[in-house]
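A structural walkthrough
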Amino acid sequence: MKKIGLIIVVVFWVNGMFAQTLSVGQYRARVLDYNQDIRKSQQAAEGALYSLKSIRTGFFPKLDASGNYSYQIETIEFFPGTDLKHDNYGIEADLVQNIYSGSVVRKQYHVAKLQHAIAQLAVEHTVDNMIYAADVTYWTVAANGDLLSLSERYVQLVSELYHIVSKRFEEGAISKTDLLMVQNRLKEAELQLNTSSTNYKIALQSLNIMMGMEPDAKVVLTDSIQKVLWVPGQTTLDKALEKRADYQAAIMNIEIARMQTGLVRSRFLPQLVVGLKEKYGTTLINIDGKSKWTTTAYAQVNIPVFHWGEMRQNVRMSRTQEETRELERSQLKDQVSKELNNAWVNVIEIADKLEIVYSSLDIAKDNLILNTFSYNEGKLPILDVLSAQVSWLQAYTNVVSVNYQFKIALAEYARALGGGNY
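Residue positions are counted from 1 within each chain, in the order its sequence is given. Local features in this predicted model are restricted to residues of pLDDT 70 or higher, and side-chain atom pairs are both shown and tallied only at a pLDDT of 80 or more, whereas totals for entire chains, interfaces and linings draw on every residue. Here the side-chain values reflect all heavy atoms present in the structure, with hydrogen atoms and water set aside.

The next thing to look at is unusual backbone geometry. The phi dihedral of Trp 308 falls on the positive side, at around 60°, and the residue is not glycine. Put simply, DSSP H or I for four residues or longer makes a helix, DSSP E for two residues or longer makes a strand, and each gets a number counted from the N terminus. With respect to the helices and strands, Trp 308 occurs in the loop between strand 8 (292-302) and helix 8 (310-376). Only protein chains enter the accessibility calculation, which uses a 1.4 Å probe; a residue whose area is less than 20% of its type maximum is buried, one above 50% is exposed, and one in between is partly exposed. Under the relative-accessibility criterion, Trp 308 is labelled exposed at 76%.

The structure is reproduced here in structure tokens:
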């Protein structure tokens, strides 16, 4: 037995050497570095930046070049004795500057700036959500690891009791009923150990996959489920709204809707462009076949006159979008208020619950020690010892469970505050 115990210790020591240690902060960083949703939101922000730069070009002159060539197969007489040439060709450069278009370009540029800012806020919002998800995954593994250790300890306790009862049965000091009760409880403990082991392995696989590692990679968590990492203070709704990326994006969406209404109006205002066109080639009526340079300066005005009330209807439709965005902002504000206050209540109530479960565990420990001692002295039946062991197991399970609930409550409160880095 000593050799077997030594082998088990060596195996765990070797596994520990090859397992990587991981704190909750390190795990967050790895998840953020690997997560595809964050990368997609970053790509969306980059795309919004390129869109902004593209719209900005509308403020500057545009230069286009074109060329043409044609061959007239038939011979056409322009006037008696003079035919048009068969070859016609030309190259043309056109420089155009937008002078006035109802401020369409300027408004489009401001809309694009807001859309880029919203895309950046979407990255922040995704990061906050992934930090919360990483915390939940990390503490799930930590809690299941503690429950696995607890199950192993429980099996050890029942096994020790089984050996004592077996020896007493062999000596004829007790009936077989006591032996069967302990034996049945041992099998129940082993079944629970199997379930705890399965839950821990599945949770560990999820943890590894979320940070881009092999599912069965060896990991040792350095932060305990019972370790205090952050003590929050109550925050007002206004401060939380200032930090919430989704709420700030909702405000910007209202501004975009207002600008969209202005864009609708702008499309029905006069449009003025000026340009300079330089052409080299044959003339339109090509008699002599000679090429020449021609320069044309021009201005073009487009004034919408009557469109059967199209602008009025489009403006009304756009204003409905403004109202919709405002309602969405108000709805989100209520949602943030609910999340913030519910999360704070959970933090306070679960903190109080922690004191209860720790006190209950102390009582269960003392009760188990006293009942075990009394049984060994022949003063209590085996059923009282088994009951004390179950009470101890339940009390310890409650400690792990409530500590897990507290960690999740803290993570939810941090997310409600609009920032996961706490």
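What follows deals with helix 4 (residues 104-170). One fewer than the residue count of a helix, multiplied by 1.5 Å, yields its expected span. Taking 1.5 Å per residue, 67 residues should reach 99 Å; helix 4 reaches 97 Å between its end C-alpha atoms and fits that length. Note on helix 4: the residue one or two positions beyond its end, Gly 172, has a positive phi of about 80°.

Glancing now at the pattern of salt bridges. Every case where a carboxyl oxygen of Asp or Glu lies within 4 Å of a side-chain nitrogen of Lys or Arg is listed as a salt bridge. Here the structure, examined in full by the defined rule, presents 11 salt bridges. When the shortest N-O distance is used, the salt bridge between Glu 92 and Lys 277 registers 3.9 Å. Taken as a pair, Glu 92 in strand 5 (residues 87-100) and Lys 277 in strand 7 (residues 271-281) lie far apart in primary sequence, 185 residues in all. Classification of Glu 92 as partly exposed rests on a relative accessible area of 25%. What emerges from the salt-bridge pattern is a single network uniting Arg 244, Asp 246 and Glu 339.

This part is about the packing of helix 2 (residues 24-34) against helix 5 (residues 176-210). At a minimum axis separation of 9 Å, helix 2 and helix 5 run at an interaxial angle of 55°. The orientation of helix 2 with respect to helix 5, classified from their angle, is oblique. Contacts between helix 2 and helix 5 pair Tyr 27, Val 31 and Tyr 34 from the former with Ser 206, Leu 207, Ile 209 and Met 210 from the latter. Amino acids are sorted into nonpolar (Ala, Val, Leu, Ile, Met, Phe, Trp, Tyr, Cys and Pro), charged (Asp, Glu, Lys and Arg) and polar (every other residue, Gly among them). In terms of residue class, the contact of helix 2 with helix 5 is built from six nonpolar, one polar and no charged. Here the axes come from fitting lines to C-alpha atoms, over the contacting stretch only for helices, and the angles between their N-to-C directions go from 0 to 180 degrees. The labels follow the angle: roughly parallel below 35 degrees, roughly antiparallel above 145, roughly perpendicular from 65 to 115, and oblique for the rest. Throughout, a contact is declared for two residues whenever any of their heavy atoms are within 4.5 Å.

With that settled, the discussion passes to the sheet that holds strand 2 (residues 62-71). Spatially, the four strands line up as an open sheet ordered 2-5-7-8, and their pairing is antiparallel. Across the chains shown, the open sheet's two edge strands, defined by having one partner strand only, are strand 2 and strand 8. On average, each strand axis in the sheet is inclined to that of its neighbour by 20°, with strand direction left out of account. Where strand 7 and strand 8 come together, 11 bridges link them in antiparallel fashion. Looking at strand 8, one finds that Gly 275 is bridged to Tyr 298. A pair of strands is considered paired only if DSSP assigns at least 2 bridges between the two.

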